[in-house]
Amino acid sequence: MSTVIRNATVLTLDDSDRLHPRADVVIEGGLIRAVGPGAAESAPPDATVIEAERMLLIPGLVNGHFHSPGNFMKGALENWPLELFMLFEVPPLMDRVATPRFAYVRTMLGIIEMLKQGVTSVHDDCFFVPVVTEAEVDAVLQAYADAGMRATVTLDQPNVAETAKYPFLSDILPAPLRDRMLAAPRMTDRALLDHYARYIERWHGGANGRLRAAVSCSAPQRVTPDYFLGLGRIARDLDIPYDMHILETRLQRVLGQENFGKSLVRYAQDMGVLNEQALVIHAIWIDDDDIRLIADSGASVAHNPVSNLKIGSGIMRWRDLRQAGINVCLGNDEANTDDGINLWTVGKVAGLIHNVTDPEFRNWISPQEILGALTHAGARAMRLPVPTGRIAPGWQADLALLDLSSLAFTPLNDIRRQLVYCETGNSVRTVIVNGEVVVRHGRLTRVDETALLAEARACAAEFADYMARCSDAARDLAPHYRAMYDRALATPVGMDRWARPDGIRKGLTT
């Protein structure tokens, strides 16, 4: 099947960052075959034609880090530090598994929001509470298959006791609560590796190659060393991403010092899993040695600036990472740390927040860098066998058409700057994934949005039960987590990643 997009303004985001004021794009077999003025003349006579006068064609956005299980939680949680926040996000004492239909609707809710904004690919680090089940895994992947989105999905499942994931917590918790945590459901290394084997066999490469598996330890401190290594072997053998949250918070820097005697980046490197398959998520509380290790390994980094602001994690060293040659992509993280799923907002915040970290304005992030991080950098981290994120021959036909008559581009002064700082997703009219139109005139072509949203509202009771169970457990645990947080805050780490207009508070960095 062939498609021609004719007479569009085309921003290629290729190596030359070309902008064609008026050009055509020819798509065949899910790939871009030709780009440029007059390219439509080379298309087969029976090709489907999309007239794109006064439209801007860009590569589809790539959500470089996402947790779809948070899709029901927008606006649900306070602005707490991660360690308190996770009492609701991944509650340690939860004993109920999501029903498959709830998991399907939950996943589809995020898909709809992303596709309508022109997000064509997502790297979903999908966690499961309290254990992985085949039915929930299949429900998540089926949603991506049905909607037509490109997705790389992990099974993000910690498998050590909650007390092992944090510094000081075992000593702080009263014995009854500590015993409850030790008794909470945990999966063995073998059980999890068996789930991965089944998952990869069933879904990896599915839906005409749109669906791909990745592996995830959640974070190095959240799994057994043997499982940490086992996932690394899978990632290397299949050349698929290995997701690992590392040094998102100051407390995690303390954890490395107290429990491992080293940075968690160094721990991953010493274990042999910090390599080109690795996707290091957040990487905020890192030092120069950590940056060198990540750069030497060939790993990518996922930056989630809105999430980092919501839960007060800190400001990542973007320019230092990029100057070291590290591939940096952008992600939402999840609906509960973004209170939405708007990747355009993420790009805008990334383009602004780092301006206050360096008075040398020549180091500030350019719109071109942000657009690259929103597209081909995320695709690179996903390790796709056929690349996406640029409009060039041989690349995946994952594209978005935006209306240049919209408010975001009126008046039109500079397309790149207005994409980053003015666009919200409201200008997106048509979205193409793998050569197929999946959004037409702002509506999904494969999904009954009205029915799905009605079903999501009908799922409120199941979600309310989940939140009630979280609240009951959090009521008992939160005072002790706050004590742990305060004790970690009083532990020197030799660095600071928070914005402090009045200077650095004594004792936190020494």
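See the structure printed just above.
Criteria and thresholds
- Counting of residues starts from 1 at the beginning of each chain's written sequence and follows it residue by residue.
- The model is predicted, so local features are restricted to residues of pLDDT at least 70 and side-chain atom pairs to those at 80 or more, both for listing and for counting; the totals for chains, interfaces and linings are taken over all residues.
- With hydrogens and water excluded, all non-hydrogen atoms of the structure serve as input to the side-chain values.
- Put simply, DSSP H or I for four residues or longer makes a helix, DSSP E for two residues or longer makes a strand, and each gets a number counted from the N terminus.
- A simple rule labels every residue: compare its accessible area, found with a 1.4 Å probe on the protein chains alone, to the largest value its type can have, and call it buried under 20%, exposed over 50%, or partly exposed in between.
- Charged residues are defined here as Lys and Arg on the positive side and Asp and Glu on the negative side; His and the ends of the chain fall outside this count.
- What makes a salt bridge here is a side-chain nitrogen of Lys or Arg within 4 Å of a carboxyl oxygen of Asp or Glu, nothing more.
- Polar contacts here mean pairs of N or O atoms no more than 3.5 Å apart (in protein, one a potential hydrogen donor and the other a potential acceptor; neighbouring residues in sequence count only if both atoms are side-chain atoms).
- Throughout, a contact is declared for two residues whenever any of their heavy atoms are within 4.5 Å.
- By the convention used here, strands pair only if DSSP detects at least 2 bridges between them.
- Working definition of a nonpolar core: buried Ala, Val, Leu, Ile, Met, Phe, Trp, Tyr and Cys residues. They are joined through side-chain atoms within 4.5 Å.
- Any pair of Phe, Tyr and Trp rings, taking the six-membered ring for Trp, is counted once the centres come within 6.5 Å. Such a pair is stacked with planes under 30 degrees apart, edge-to-face with planes over 60 apart, and tilted for the rest.

(A) Here's a closer look at the side chain of aspartate 243. Its location among the elements puts aspartate 243 in strand 11 (residues 242-246). Despite being buried, aspartate 243 has no salt bridge partner; arginine 383 is the closest side chain of opposite charge, sitting 10 Å away. A polar contact of 3.0 Å, which involves the side chain of aspartate 243, links it to the side chain of histidine 123. Residues contacting aspartate 243, with those up to four places away along its chain left out, are His123, Asp125, Thr154, Val215, Ser216, Cys217, Ser218, Leu279 and Ile281.

(B) Quick look at the sheet that holds strand 13 (residues 300-303). Ordered in space as 10-11-12-13-14, the 5 strands form an open sheet in which the pairing is parallel. Sheet topology places strand 10 (215-216) and strand 14 (327-330) at the edges, where each strand pairs with a single neighbour. In this structure, strand 10 lies alongside strand 11, joined through 2 bridges in parallel fashion. Within strand 11, the position partnered with valine 215 by the bridge is tyrosine 242.

(C) Spatial organisation of unusual backbone geometry. Cis geometry is found at the peptide bond from valine 129 to proline 130, where omega equals -5°. Within the secondary structure, proline 130 sits in the loop between strand 7 (119-127) and helix 3 (134-147). Going from threonine 410 to proline 411, the amide bond is cis rather than trans, its omega being -5°. Here the phi dihedral of asparagine 7 falls at roughly 65°; this positive angle occurs in a residue that is not glycine. Its relative accessible area of 22% is what places asparagine 7 among the partly exposed residues. If you check the backbone angles, aspartate 339 has positive phi at about 55° while not being a glycine.

(D) Spatial organisation of the nonpolar core. Leu115, Tyr144, Tyr199 and Leu419 are the most contacted members of the largest nonpolar core, which has 146 residues in total. Looking at this core, the element that brings in the most residues is helix 18 (residues 460-489), giving 11 residues. In contact with tyrosine 199, not counting residues within four places along its chain, are Val137, Leu141, Val153, Thr154, Leu155, His204, Arg212, Ala213 and Ala214. Counting 17 residues, the second-largest nonpolar core is a separate cluster that includes Val10, Ile32, Met55 and Leu401.

(E) Region of interest: the packing of aromatic side chains. Applying the stated criterion across every chain yields a total of 11 aromatic pairs. Both rings, one in tyrosine 166 and one in tyrosine 481, keep their centres 5.7 Å apart while their planes meet at 75°; by these two values the pair is edge-to-face. With a gap of 315 residues between them, tyrosine 166 in the loop between strand 8 (150-156) and helix 4 (169-172) and tyrosine 481 in helix 18 connect regions that are remote in the sequence. What makes tyrosine 481 buried here is its relative accessible area of 0%. Both rings, one in phenylalanine 361 and one in tryptophan 364, keep their centres 6.3 Å apart while their planes meet at 70°; by these two values the pair is edge-to-face.

All quantities given are derived from atomic positions and should not be read as evidence of function.
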